[in-house]
Amino acid sequence: MEYYLQLIVNGLVVGSIYSLVALGFVIIYKATKVVNFAQGEMVMVGAYICFALTVQFNIPFIWAFLITLGFSVLLGLAIERMVLRPLIGEEHISVIMVTVGMSSVLKSLVQLCWGTQIKVYPQVLPTEPVMIAGLPVAPVYIAAFILSVILFAVFSVFFKYSRTGVAMRATAFDQQAAQSMGIGIKNIFAMSWCIACIVSAVGGVILGNINGINSHIGHLGLKVFPAVILGGLDSLLGAALGGLIIGVLENVCDGAARQFFNLGGFREVAAFIILVVILMIKPYGLFGTKEIERV
Amino acid sequence: MDDILKVENLEVVYNDVVLVLKGLSLACPRGRITALLGANGAGKSTTLKAISGLLETEDGEVTDGVVLYNDEPIQGLIPERIVKRGIFQVMEGRRIFEDLTVEENLRCGAFTRPRSEIAESMERVYAYFPRLKERSRQLAGYMSGGEQQMCAIGRAIMARPELLLLDEPSLGLAPLLVEEIFEIIKRFNQDEGVTILLVEQNARAALSVAERAYIMENGRVVMDGTADDLLHNPDVQEFYLGMGRTGDKKSYRDVKHYRRRKRWLG
Ligand SMILES: Nc1ncnc2c1ncn2[C@@H]1O[C@H](COP(=O)(O)OP(=O)(O)OP(=O)(O)O)[C@@H](O)[C@H]1O
Ligand SMILES: [Mg+2]
């Protein structure tokens, strides 16, 4: 029993990282209808920048973290301006292919700068586990979870109450009508990419603190697909829950596979199997938009 | 006369090939309601979009002519700039943000306005449309068509424009509601001194509130005059107000007669 509880706790932590990355994905999809295949690579870039700042430039972690966030804003602006703006009005499939290409470029750049070896973050939090409900949990796990929750809260408030947040949701619904209100949709697009880069970078930094990083952490981007499709492509709440559910289920399934069938590595495919099963039951995801129909 | 808006010889082309406006000219006197009438496909919505800058997003282009707003040319400006200058378009078909609440929709209307005036503007909208107040926290997508039209006009009130472009506010509304909406449009015009350019299929309703009107066909203005003149013009009565000249059904010969007249007038 304790074995499974432990798996659930680990799953929640990994899941909260999936949620963050899924949040970035959903924001871009909602505002611009672009399916971003480079989301995982945005995680990777953030993780490496923070690593470089702390380890190679010896900047205290908290500052390195803040600088990474600033860098993410610039990265978001750059991607939007140089890669996506020229594509406004092009076919969806071309835009998607461009994000696939961008993911390779980002990945190669990272490998060029830092190689493919695993890199370890310096110890920021104590390693001594904290007991929660009788289970030992590493402080970094707790911090990761809390940070994700805070970010989600911040963005929920942002989208609900701030002028820009409401304008972003309006733009997501009807771009031309938004323009007719004087909303500058190019700024809105740029803003979406910035937010997506920020949340991804935070996910990357958390991941780095937990496991260390190598150039494969971009694969996390793939795990985000089950999470967002499960939650519904355009729902923030769905992204949060989808990420957590996928995180927990994949850990538990993996543990069960190990225990009963002596199978390792089930984790890598579990998420996709879960996805297929859920889509058979709920094709629009748990919270996806069913067009509003008036009676 | 002091015209806030002057459109001169406007030509608009969609997708680089389809010529939709063929030298259209009109003027809106400051503080008045001007109606723009015409059959389906005449180019009324295109005219409004050319003024508000929204053509660009539909691959439309102004290829000739000028749009003067307060005597400054504004064609080619992006929509945000044009809204900031005080022109606000209520698009055809309401274009409500369905998954936002009524209140959030209204706030979007005030996007270019200072935050400090939003609360007061909101009260103003609720005074015109008490029904919106009751539903302020409801998702706009679940409202009736009439309530959505109120919400669309409410967004315009939030923007406090100098010139309001209204595209078919009567679309799909029951006659009683049409009357109510037009009364509010009239009141908005009188209370705030807003100039309105009103596009309508419902010529009778439009002429009841407008002071002047233009009738367009096929990308050109074919007739214009005061609302009274047009209401008593036999051609207008016959083809836009649906009154047969002799009480009979319209015959093809009448149509031909009208065509001749139209050519002559145009
Ligand atoms: N985005 C577009 N691309 C190509 N052609 C267009 C576009 N929008 C309108 N048109 C064409 O331009 C012409 C005028 O359209 P417009 O919408 O201005 O007419 P309208 O007078 O508003 O008609 P209605 O009363 O039916 O709304 C039509 O023939 C239409 O097919
Ligand atoms: Mg129209």
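Structural data are supplied above this passage.
Thresholds, definitions, all that
Residues numbered from 1 in each chain as written. Chains lettered and ligands numbered in written order. Predicted model: local features only at pLDDT ≥ 70, side-chain atom pairs only at ≥ 80, totals over all residues. Heavy atoms only, no water. Helix = DSSP H or I, 4+ residues; strand = E, 2+ residues; numbered from the N terminus. Rg over C-alpha atoms; globule rule 2.2 N^0.38 Å. Buried < 20%, exposed > 50% of the residue type's maximum accessible area, 1.4 Å probe, protein only. Areas by Shrake-Rupley, 256 points an atom, 1.4 Å probe, with all protein chains shown as cover. Contact = heavy atoms within 4.5 Å. Lys, Arg positive; Asp, Glu negative; His and termini not counted. Charge placed at Lys NZ, Arg CZ, Asp CG, Glu CD. Near = heavy atom within 4 Å. Polar contact = N/O pair within 3.5 Å; in protein donor to acceptor, adjacent residues only side chain to side chain. Nonpolar A, V, L, I, M, F, W, Y, C, P; charged D, E, K, R; others polar. Donors = N, O, S within 2.8 Å, 3.2 Å for Na, K, Ca; no water. Phe/Tyr/Trp six-rings, centres within 6.5 Å; stacked < 30°, edge-to-face > 60°. Lys NZ or Arg CZ within 6 Å of the ring centre and 35° of its normal. Salt bridge = Lys/Arg side-chain N within 4 Å of Asp/Glu carboxyl O. Axes fitted to C-alpha atoms, helices over the stretch in contact; angles between N-to-C directions. Left-handed = near helix turned anticlockwise from the far one by under 90°. Core = buried A, V, L, I, M, F, W, Y, C linked by side-chain atoms within 4.5 Å. Pairing = 2+ DSSP bridges. Buried area = accessible area lost by both parts, 1.4 Å probe. Expected span 1.5 Å × (residues − 1).

Participant: Which parts of the structure should I look at to understand the overall build of chain B?
Facilitator: When you go through chain B residue by residue, the secondary structure sums to 11 helices and 10 strands. For 266 residues, the compact-globule formula gives about 18 Å, and the C-alpha radius of gyration of chain B, at 19 Å, lands near that figure. With respect to the three principal axes, the spread of C-alpha positions in chain B is 55 × 40 × 35 Å. Per-residue burial over chain B gives 53% buried out of 266 residues. Element-wise, carbon and sulfur atoms account for 46% of the exposed surface of chain B, whose accessible area totals about 11900 Å².

Participant: Is there a simple way to explain the overall build of chain A in this structure?
Facilitator: Looking only at helices and strands, chain A features 11 helices and two strands. The secondary structure elements of chain A, listed N-terminal to C-terminal, are α-α-α-α-β-β-α-α-α-α-α-α-α. At 19 Å, chain A has a C-alpha radius of gyration in line with the 19 Å of a compact globule built from 295 residues. C-alpha atoms of chain A, sized along the principal axes, occupy 55 × 55 × 35 Å. Looking at chain A residue by residue over its 295 residues, the buried ones come to 51%. Expressed as a percentage of contacts within chain A between residues at least 6 apart in sequence, the contacts between residues at least 24 apart total 75%. For chain A, the accessible area works out to roughly 13500 Å², and carbon and sulfur atoms hold 69% of it. In chain A, 16 side chains carry a positive charge and 13 a negative one; their mean positions are 7 Å apart.

Participant: How should I be thinking about the site of ligand 1 in this particular structure?
Facilitator: All names here are of chain B. Neighbouring ligand 1 are 15 residues, the closest being Asn40, Lys44, Ser45, Thr46 and Gln201. One of the backbone N or O atoms of Gly43 is found 2.9 Å from an oxygen atom in ligand 1. With the chains in place, 68% of the 630 Å² that ligand 1 exposes on its own is no longer accessible. Sort the elements by how many residues they give to the shell around ligand 1 and helix α1 (residues 44–52) lands first, with three residues. In terms of residue class, the shell around ligand 1 is made up of four nonpolar, seven polar and four charged.

Participant: Please explain the coordination of the magnesium ion (ligand 2) as it appears in this structure.
Facilitator: Around a metal, the idealised angle for a tetrahedral arrangement of four donor atoms is 109.5 degrees; for an octahedral arrangement of six donor atoms it is 90 or 180 degrees. All names here are of chain B. Ser45 (OG) and Glu92 (OE) make up the full set of protein donors to the magnesium ion (ligand 2), lying at 1.9 to 2.1 Å. Placement of Ser45 in helix α1 and of Glu92 in the loop between β6 (87–90) and α3 (102–109) is noted, with a sequence separation of 47 residues between them. On the basis of relative accessible area, Glu92 is assigned to the partly exposed category, the value being 34%.

Participant: Whenever I open this one, the packing of aromatic side chains confuses me. Can you help?
Facilitator: Centre distance and the angle of the planes are the two values used to describe a pair of aromatic rings. Using the criterion set out here, one finds 10 aromatic pairs over all chains in the structure. Between the aromatic rings of A:Tyr3 and A:Tyr4, the centroid separation amounts to 5.2 Å while the plane-to-plane angle is 70 degrees, which identifies the pairing as edge-to-face. An aromatic cluster of at least three residues, connected via ring pairs, comprises A:Tyr48, A:Phe51, A:Trp114 and A:Tyr121. Above the plane of the ring of B:Phe111 lies A:Arg163, whose end atom (NZ or CZ) is 5.9 Å from the centre.

Participant: What is the right way to read unusual backbone geometry from this model?
Facilitator: Where the residue is not glycine, phi is negative for most of them; where a peptide bond is considered, it is trans in most cases. Residues and elements named next belong to chain B. Residue Arg94 is not a glycine yet carries a positive backbone phi of 70 degrees. Tracing the backbone through its elements, the reader meets Arg94 in the loop between β6 and α3. You will see that Glu168, though not glycine, has its phi angle at about 50 degrees, which is positive. Secondary-structure assignment places Glu168 in the loop between β7 (163–167) and α7 (175–192). Assessed through its relative accessible area of 5%, Glu168 is described here as buried.

Participant: Explain the pattern of salt bridges to me, please; I cannot follow it from the model alone.
Facilitator: Working definition: two side chains of opposite charge can pair if their charged atoms are close together. Applying the stated rule across the entire model yields 23 salt bridges over all chains. Notably, a salt bridge pairs A:Glu80 with A:Arg85, separated by 3.0 Å at the nearest N-O pair. Residue class for A:Glu80 comes out buried when judged on its relative accessible area of 2%. A relative accessible area of 21% means that A:Arg85 is categorised as partly exposed. Notably, a salt bridge pairs B:Arg32 with B:Glu211, separated by 2.8 Å at the nearest N-O pair. Of this pair, B:Arg32 sits in the loop between β2 (18–29) and β3 (33–38) while B:Glu211 sits in the loop between α8 (203–209) and β9 (212–217), and the two are 179 residues apart along the sequence. Ionic contacts of the salt-bridge type, sharing partners, join the residues B:Arg113, B:Glu117, B:Glu120, B:Arg124, B:Arg160 and B:Glu192 into one network.

Participant: For this particular structure, what's the right way to read the packing of helix α1 (residues 2–32) of chain A against helix α10 (residues 236–261) of chain A?
Facilitator: Packed helix pairs are specified by the crossing angle of their axes together with the interaxial distance, meaning the distance between the axes. Here α1(A) crosses α10(A) at 145 degrees, and the two axes come no closer than 6 Å. The element α1(A) and its partner α10(A) pack so that their crossing is right-handed.

Participant: How do you make sense of the nonpolar core when you look at a structure like this?
Facilitator: A general feature of soluble globular proteins is that nonpolar side chains tend to end up buried together. Residue and element names in this part refer to chain B. Counting residues in each nonpolar core, the largest one holds 141 residues, and the members touching the most others are Phe129, Leu132 and Leu164. Once you skip the residues sitting within four places of it in the chain, Leu132 turns out to touch Val102, Val125, Tyr126, Met143, Glu147, Met150 and Cys151. Judged by nonpolar contacts, the second largest core, of 29 residues, contains Val12, Ile51, Val199 and Tyr214.

Participant: How should I be thinking about the sheet that holds strand β1 (residues 3–14) of chain B in this particular structure?
Facilitator: Two orientations exist for strands paired in a sheet by backbone hydrogen bonds: parallel and antiparallel. Residue and element names in this part refer to chain B. Pairing within the open sheet is antiparallel, and its four strands lie in the order β2-β1-β4-β5. At either margin of the open sheet sits one strand with a lone partner, and together these are β2 and β5 (72–73). By the bridge criterion, eight bridges tie β1 to strand β4 (residues 60–69) in an arrangement that is antiparallel. Among the inter-strand pairings, Glu11 is bridged to a residue of β4, identified as Asp64. Running at roughly 110 degrees to β1, α1 makes contact with β1, β2 and β4 of the sheet.

Participant: What's the story with the interface of chain B and chain A in this structure? I'm lost.
Facilitator: Bring the parts together and some accessible area is lost; that lost area is often taken as the interface size. Tallying the contact residues gives 36 residues for chain B and 21 residues for chain A. Here chain B meets chain A over a buried area of about 2600 Å², counting both sides, of which 56% is carbon and sulfur. Ranking the residues of chain B by area buried against chain A places B:Phe97, B:Glu104 and B:Phe111 at the top, with a combined share of 24%. Counting every contact that joins chain B to chain A gives three salt bridges.

Participant: Explain the pairing of β4(B) to me, please; I cannot follow it from the model alone.
Facilitator: Moving residue by residue along a regular strand, the side chains alternate between the two faces of the sheet. All names here are of chain B. Inspection of the sheet shows β4 paired to β5 by two bridges, in the antiparallel sense. Note that in β5 the partner of Tyr69 across the bridge is Glu72. Between the end of β4 and the start of β5, which pair antiparallel, lie two residues, with Asn70 showing a positive phi angle near 50 degrees.

Participant: What's the story with helix α2 (residues 39–56) of chain A in this structure? I'm lost.
Facilitator: An α-helical segment advances 3.6 residues per turn. Residues three or four places apart therefore align on the same side. All names here are of chain A. A rise of 1.5 Å per residue sets the reference length of α2, with its 18 residues, at 26 Å; its end C-alpha atoms lie 25 Å apart and thus fit the reference within 8%. In terms of burial, α2 is a largely internal element, 16 of the 18 residues being buried. Of the residues one or two after α2, Asn58 is the one with positive phi, at around 55 degrees.

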